[in-house]
Amino acid sequence: LTLSLLCRADNWLVDTQEEKPVHHGLSAFGKRVVEEMNRLGMIVDLAHVSVDTMKVVLDISKAPVIFSHSSAYSICQHRRNVPDEVLRLVASTGSLVMVNFYNAYVTCSDKATLSDVAGEEVPRWVGGGSDPPALLTSVSPPPDHMDHVKKVAGAQAVGFGGDYDGVS
């Protein structure tokens, strides 16, 4: 259950990124909802919530949580993405960030490719105009979201998320 989807009409449960903070993370009722979700064995989803809410829930939840469709904030500074300080909490709680495929959250622009999400090393011939080229070497691509989450939170903390529309 995504906490923020419970409160699209108002902010009685959590602070979202789109609104001015009211609860500085989670209301008292929101804390009870997380406790009940833990008791029932429901997965808490933190996609769409504020950084304060992320931190509070990661602190109080008795079970790992997920970010069902979020990416790495340090690569694309979009409010929906997860900052490194939260990724470290994800690691310490056994939680999961499912990297998003939506262009605006991957590249902060209207275009993104799969390598922006999952990266790849591209072999390239170098060595001037010689035929055949003198050397085959790997050129590292720019940082990608999956590798970044893995680097900060660990391999167990990264997965593929939703919002698949738009990535070419």
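Small disclaimer: the values here were computed from a predicted structure and weren't measured.

Attention now goes to the pairing of strand β2 (residues 96–99). Side chains of β2 alternate between two faces, with V97 and V99 buried and L96 and M98 left unburied. Both strand β1 (residues 66–70) and β2 contribute to a ladder of three bridges, which runs parallel. Counted as the bridge partner of I66 is L96 from β2. Traced from β1 through helix α3 (residues 84–93) to β2, the parallel crossover comes out right-handed.

Applying the stated criterion across every chain yields a total of two salt bridges. The closest approach of N and O atoms between E36 and R39, which form a salt bridge, is 2.6 Å. In this pair, E36 and R39 both sit in helix α1 (residues 28–40), three residues apart, roughly one turn of the helix. For E36, a relative accessible area of 33% corresponds to the partly exposed category. Note on R39: relative accessible area 60%, which makes it exposed. Between K55 and E85 there is a salt bridge; the shortest N-O distance is 2.4 Å. You can see K55 sitting in helix α2 (residues 51–60) and its partner E85 sitting in helix α3, a full 30 residues away along the chain.

Calculation criteria
Residues numbered from 1 in each chain as written. Predicted model: local features only at pLDDT ≥ 70, side-chain atom pairs only at ≥ 80, totals over all residues. Heavy atoms only, no water. Buried < 20%, exposed > 50% of the residue type's maximum accessible area, 1.4 Å probe, protein only. Helix = DSSP H or I, 4+ residues; strand = E, 2+ residues; numbered from the N terminus. Pairing = 2+ DSSP bridges. Right-handed = clockwise from strand over helix to strand, strands pointing away. Salt bridge = Lys/Arg side-chain N within 4 Å of Asp/Glu carboxyl O.

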